[in-house]
Amino acid sequence: MMIEINRVGVIGAGQMGTGIAQACATAGFAVRLNDRDGKRIDAAVSNIDTTLAKLVSKGKLAQTASHEARERIVPAPSFADLADCDLVIEAATEHEATKRQIFSTLCPSLRPDALVATNTSSISITRLAAATDRPERSIGVHFMNPVPVMQLVELIRGIATGEETYEAARMFVAKLGKTSTMSEDFPAFIVNRVLLPMINEAIYTLYEGVGSVTSIDNAMKLGANHPMGPLELADFIGLDTCLSIMQVLHEGLADSKYRPCPLLVKYVEAGWLGRKAKRGFYDYRGMEPFPTR
């Protein structure tokens, strides 16, 4: 039988997990927010408070609705605190071993009928589902960043994902007020299969000296009508995440066109991961970002 989703657990209180928790709470779902670091949960809740207050001040959200949404979010320091959830979404770092460990540890705490989902942007849903005790009740639910703003959610079925699981996930996304698209379980799915090679090629263009950071970003914003240049977007996504997705594509499809640019590797090795590290293809430590190359 298809489960009705009312209570949602979110594992990972980083940028994506925080956004998923906020989107679920404002859509009326009870939310349990988990992270292995309790301070990250506190920071995420504080961040949500700030974001909701801004929406109220701009007239985009009623004060009452903001208060109700905030009341729906409850910290869940341990997996045992997720025991009453109908759906648990993993939004941890984009590292397969970490995600598999989370699922194998999580499942004994859940009800047998609970659904488990991953927000992975590139890793095989079939392999991650194999780490659970319920592959037929496992699915990929890939939100775009920033979650509260972006309309699309990719739904990815593993080889064992049941029809009821897919339909429940599709209805869940609809209740969030978002649009779902179904992708087959191939490396990086749809959005990142198209987007990340474009970003990687922009980095190659910089690496080979064809253009500067500014000229490449301006060319794509003004010449292709992109709202954000590819290098600026890479910084926003996180260069470590970009590298991880390109590695998944390169290894999963065995095609040299997906080889990560050596300059991207170098930036990640330097710890210049983009906005979250204050330096990437732009330096964000001053009043205005400026190119680092």
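Summary of the structure given here. Numbers given to residues run from 1 along each chain, matching the order in which its sequence is written. Thresholds applied to this predicted model are a pLDDT of at least 70 for local features of residues and 80 or more for the giving and counting of side-chain atom pairs; totals over whole chains, interfaces and linings are not thresholded and use all residues. Water and hydrogen atoms were dropped before computing side-chain values, which therefore reflect all heavy atoms in the structure.

The next subject is the side chain of Asp283. By the secondary structure assignment, Asp283 is in strand E9 (residues 282–283). Under the rule applied, a polar contact is a pair of N or O atoms within 3.5 Å (in protein, one hydrogen donor and one hydrogen acceptor; residues adjacent in sequence only if both atoms are side-chain atoms). In terms of polar contacts, Asp283 uses its side chain to reach the side chain of Arg285, at 2.6 Å. Residue contacts follow a heavy-atom distance rule, with two residues in contact if any of their heavy atoms lie within 4.5 Å. With near-sequence residues (within four places) excluded, Asp283 lies in contact with Lys278, Glu288, Pro289, Phe290 and Thr292. Each helix is a run of DSSP H or I of at least 4 residues and each strand a run of E of at least 2, with the numbering of both proceeding from the N terminus.

Before going further, it helps to spend a moment on the pattern of salt bridges. Here, a salt bridge means any side-chain nitrogen of Lys or Arg that lies within 4 Å of a carboxyl oxygen of Asp or Glu. Under the defined criterion, the tally for this structure stands at 17 salt bridges. In this structure, Arg70 engages Asp49 in a salt bridge whose closest nitrogen and oxygen atoms are separated by 2.7 Å. A residue pair is termed long-range when its members are at least 10 positions apart, and Arg70 in helix H3 (residues 63–71) and Asp49 in helix H2 (residues 38–57) qualify at 21 residues. Classification of residues uses two cut-offs on accessible area relative to the type maximum, computed with a 1.4 Å probe and protein chains only: under 20% is buried, over 50% is exposed, and between them is partly exposed. Exposure remark for Arg70: the relative accessible area of 25% places this residue in the partly exposed category. Its salt-bridge partner being Asp86, residue Arg111 comes within 2.9 Å of it at the nearest N-O pair.

Aromatic ring pairs: the centre-centre distance and the angle between the two ring planes describe each pair. Pairing of aromatic rings covers Phe, Tyr and Trp, the last through its six-membered ring, and needs centres within 6.5 Å; plane angles under 30 degrees mean stacked, over 60 mean edge-to-face, and all others mean tilted. One pass over the structure, following the stated rule, counts five aromatic pairs. When the ring of Tyr204 is compared with that of Tyr207, the centres are 6.3 Å apart and the planes differ by 70 degrees; the resulting orientation is edge-to-face. Of this pair, Tyr204 and Tyr207 both sit in helix H7 (residues 191–207), three residues apart, which is roughly one turn of that helix. One aromatic cluster is present, formed by Tyr267, Trp272 and Phe281 through successive ring pairs.

Here the focus is the pairing of strand E2 (residues 30–34). Burial analysis of E2 places four of its five residues in the buried class, the great majority of the element. By convention a crossover is right-handed if, when the strands point away from the viewer, the path from the first strand over the helix to the second runs clockwise. Taken together, strand E1 (residues 7–11), helix H1 (residues 15–26) and E2 form a β-α-β motif whose crossover is right-handed. The criterion for strand pairing is that DSSP finds at least two bridges linking the strands in question. Relative to strand E3 (residues 73–75), E2 runs parallel, the two being bridged by three bridges. Bridge assignment links Leu33 to a residue of E3, and that residue is Pro75.

Another aspect to go through is the pairing of strand E6 (residues 138–143). Most of E6 sits inside the fold, with six of its six residues counted as buried. Burial of the side chains of E6 extends over both faces: Ser138, Gly140 and His142 are buried on one face and Ile139, Val141 and Phe143 on the other. Both strand E5 (residues 115–118) and E6 contribute to a ladder of three bridges, which runs parallel. Paired with Val116 across the bridge in E6 is Ser138.

Two quantities define a packed helix pair, namely the angle between the axes and the distance from one axis to the other. Every angle, taken between N-to-C directions, lies between 0 and 180 degrees, and every axis is a line fitted to C-alpha atoms, over only the stretch in contact when it is a helix. Contact pair helix H8 (residues 213–223) / helix H9 (residues 230–237): the axes reach a minimum separation of 7 Å and the direction vectors enclose 100 degrees. By the angle class used here, H8 and H9 are roughly perpendicular. Packed against H8, whose contacting residues are Val213, Ile216, Asp217, Met220 and Lys221, the element H9 presents Pro230, Leu231 and Glu232 at the interface. Under the convention adopted here, Pro, Cys and the residues Ala, Val, Leu, Ile, Met, Phe, Trp and Tyr are nonpolar, Asp, Glu, Lys and Arg are charged, and Gly plus all remaining residues are polar. Here the residues of the contact of H8 with H9 sort into five nonpolar, no polar and three charged. Reported orientations rely on four angle classes, namely roughly parallel under 35 degrees, roughly antiparallel over 145, roughly perpendicular from 65 to 115, and oblique for the rest.

These values are about where atoms sit, not about what they do.
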